[in-house]
Amino acid sequence: MTFTLVAFHAHPDDETLLTGGTLARAAAEGHRVVLVTATLGEAGLSAGATGSALAERRRRELLAAAAALGCARVETLGYADSGLDAQAATRARRFADVPVEEAAARLAAIMREERADVVTGYDPRGGYGHPDHVQVHRVAAAAAHLAGTPVLLQATVDRSALRPVLAMLRLAGRLLPSLPLGGAATAFSERREITHVVDVRGYHRQKRAAMRAHASQGEGGGGVRTLALLSRLPGPLFRAVAGREWFVEAGRPAGDRASGDVFERLRYRRMPVWPSE
């Protein structure tokens, strides 16, 4: 059985950091993978271009990363990057300011066209609290309802696994920036909330290639960024650090852990499909 997965993200590179291995695995297994971003990340930190020039560069990087991961289609909703404080200077509407129902209707149109079986968004915290990430959580949930997509997976990170990873990266020899809107104690999700732990170690080459495609995000803000640090780790260490990805299935009871297959509930139709929330 093959399915269609629509991955919805806030900015270019989010798709790789949070779900890159899962997308590569799904594509390699013969499923259709569609990538949608809300913005082109023009308010992101970069050592080079800014504004519209950065947006165009990140658009090209997004296409290169999507190709490395095996995505069949890439779409961008075209909203402005809100910035970390949702105050990025722009003449266009910032994604965080857009009515949820408007953005959800646009995403749902793509999902209906693709007959999506699974859509990914973010956890309610938006990971580390970026306003565009919080908006992705709201929009993905609303779009799943509008499109009748049966499975909504919220991309996240196991909070208890984050601390040793941060420590390991610091030991790699370079200064690692702290999470901008809160530390590891409050970011992402507690282990008991997580329903899917996906083993993506077998797809580390695709994930690393996608990380390297986002070259504009390797530096900026005063030093080397997390994405660059990860992409430069030796193979065994990279697989250890980036070899798992985490999701919370909306509506699934806490503690009901899936097998790690993001299509599990669709493969076994006798299992209930929880209402998306």
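All of these numbers come straight from a predicted model, not from anything done at the bench.

Draft legend 1. Geometry of the overall build of the protein chain. Within the protein chain, the regular secondary structure consists of 10 helices and 7 strands. The buried share among the 277 residues of the protein chain stands at 53%. The long-range fraction of contacts in the protein chain, counting pairs at least 24 apart against all pairs at least 6 apart in sequence, stands at 80%. When the accessible surface of the protein chain is totalled, it reaches about 11700 Å², and 52% of it is carbon and sulfur.

Draft legend 2. Seen up close, the packing of helix α1 (residues 14-28) against helix α7 (residues 204-213). Packing of α1 against α7 brings their axes to within 9 Å, and their N-to-C directions diverge by 140°. Classified by the angle between their axes, α1 and α7 sit oblique to one another. Between α1 and α7 lies a crossing whose hand is right-handed. Packed against α1, whose contacting residues are Thr16, Leu17, Gly21 and Ala24, the element α7 presents Gln206, Lys207, Ala210 and Met211 at the interface.

Draft legend 3. Representation of the nonpolar core. Core analysis: the largest hydrophobic core is formed by 62 residues, its most contacted members being Val6, Phe8, Val36, Phe95, Leu107 and Phe263. The residues touching Phe263, leaving out its near neighbours within four places in the chain, are Phe3, Leu5, Ala26, His31 and Val118. Core analysis: the second largest hydrophobic core is formed by 7 residues, Leu227, Phe238, Val241 and Ala242 among them.

Draft legend 4. Structural context of the sheet that holds strand β4 (residues 118-122). Strand order in the open sheet made by the 7 strands is β3-β2-β1-β4-β5-β7-β6, with mixed pairing throughout. Only two strands of the sheet have a single neighbouring strand rather than two, namely β3 (73-79) and β6 (196-199). Between one strand axis and the next, the sheet turns by 25° as a mean value, whatever way the strands run. Sheet topology places strand β2 (residues 32-39) next to β3; 5 bridges connect them, and they run parallel. By the bridge assignment, Thr37 is partnered in β3 with Thr76.

Draft legend 5. Summary view of the environment of Met211. Relative to the elements of secondary structure, Met211 occurs in helix α7. Met211 sits 150 residues away from Glu61 along the chain, and the two C-alpha atoms are 9.4 Å apart. The contacts of Met211, once residues within four sequence positions are left out, are Thr16, Leu17, Leu227, Leu230, Ser231 and Phe238.

Draft legend 6. Seen up close, the environment of Arg265. Mapping Arg265 onto the fold places it in helix α10 (residues 264-267). Overall, Arg265 belongs to the buried group, its relative accessible area being 4%. Separated by 114 residues in the primary sequence, Arg265 and Val151 have C-alpha atoms spaced 7.9 Å apart. Polar contacts involving the side chain of Arg265 include one to the side chain of Glu249, which spans 2.9 Å.

Draft legend 7. Quick look at α7. Inspection of α7 places His204, Lys207, Arg208, Ala210, Met211 and Ala213 among the buried residues, and these make up the whole buried set. Where α7 is buried, its residues meet α1, α2 (51-69), α8 (226-231), α9 (235-242) and β7 (244-249).

Draft legend 8. Molecular detail of the packing of α1 against α2. Interhelical geometry of α1 versus α2 gives an angle of 40° and a closest axis separation of 8 Å. The pairing of α1 with α2 is recorded here as oblique in orientation. In contact with Glu15, Thr16, Gly20, Leu23, Ala24 and Ala27 of α1, α2 contributes Leu62, Ala65 and Leu69. When grouped by side-chain class, the residues that make up the contact of α1 with α2 number 6 nonpolar, 2 polar and 1 charged.

Draft legend 9. How the structure looks around the pairing of β4. The buried fraction of β4 amounts to 5 of the 5 residues, a majority that puts the element mostly inside the structure. Here β4 shows no split at all, with Val118, Thr120 and Tyr122 on one side and Val119 and Gly121 on the other all buried. When strand β1 (residues 4-9) meets β4, the two strands line up parallel, connected through 3 bridges. Bridge pairing in β4 places Leu5 opposite Val118. Of the strand pairs in this sheet, β4 and strand β5 (residues 151-156) are connected by 5 bridges, and their pairing is parallel. Residue Tyr122 lies in a different strand from β5, and its bridge partner there is Ala155.

Draft legend 10. Summary view of the side chain of Ser189. Here Ser189 shows up in the loop between α6 (159-171) and β6. Judged by relative accessible area, which is 1%, Ser189 ranks as buried. At 2.8 Å, the side chain of Ser189 and the side chain of Thr156 are in polar contact. For Ser189, the residues in contact, after removing those within four places along its chain, are Asp123, Arg125, Thr156, Val157, Asp158, Arg159, Ile194 and Val248.

Definitions and limits used
Chains are numbered independently. Their residues run from 1 in the order of the written sequence. Only residues with pLDDT of 70 or above have their local features reported here, since the model is predicted, and side-chain atom pairs are shown and tallied only from 80 upward, although totals for entire chains, interfaces and linings are computed over all residues. Where side-chain values are given, they derive from all heavy atoms of the structure, hydrogens and water being excluded. Elements are defined by DSSP. Helices are runs of H or I of four residues or more, strands are runs of E of two residues or more, and each kind is numbered from the N terminus. For the exposure calls, accessible area comes from a 1.4 Å probe over protein chains only, and a residue counts as buried if that area is under 20% of its type's maximum, exposed if over 50%, partly exposed in between. Only heavy atoms matter for contacts: two residues are in contact if any of them lie within 4.5 Å across the pair. A 1.4 Å probe and the Shrake-Rupley method give the accessible areas. Residues count as covered only by the protein chains that appear here. Each axis is a line fitted through C-alpha atoms, and for a helix only the stretch in contact is used; angles between axes span 0 to 180 degrees, taken between their N-to-C directions. An angle below 35 degrees is read as roughly parallel, one above 145 as roughly antiparallel, one from 65 to 115 as roughly perpendicular, and any other as oblique. Two helices crossing with the near one rotated counterclockwise from the far one by less than a right angle form a left-handed crossing, whereas a clockwise rotation gives a right-handed crossing. Here the nonpolar core consists of buried residues drawn from Ala, Val, Leu, Ile, Met, Phe, Trp, Tyr and Cys, with membership extended through side-chain atoms lying within 4.5 Å. Pairs of strands are assigned from DSSP output, requiring at least two bridges between the strands. Counting of polar contacts relies on pairs of N or O atoms within 3.5 Å, with two restrictions inside protein: one atom must be capable of donating a hydrogen and the other of accepting it, and residues adjacent in sequence are counted only when both atoms are side-chain atoms. The classification used treats Ala, Val, Leu, Ile, Met, Phe, Trp, Tyr, Cys and Pro as nonpolar, Asp, Glu, Lys and Arg as charged, and all other residues, Gly among them, as polar.

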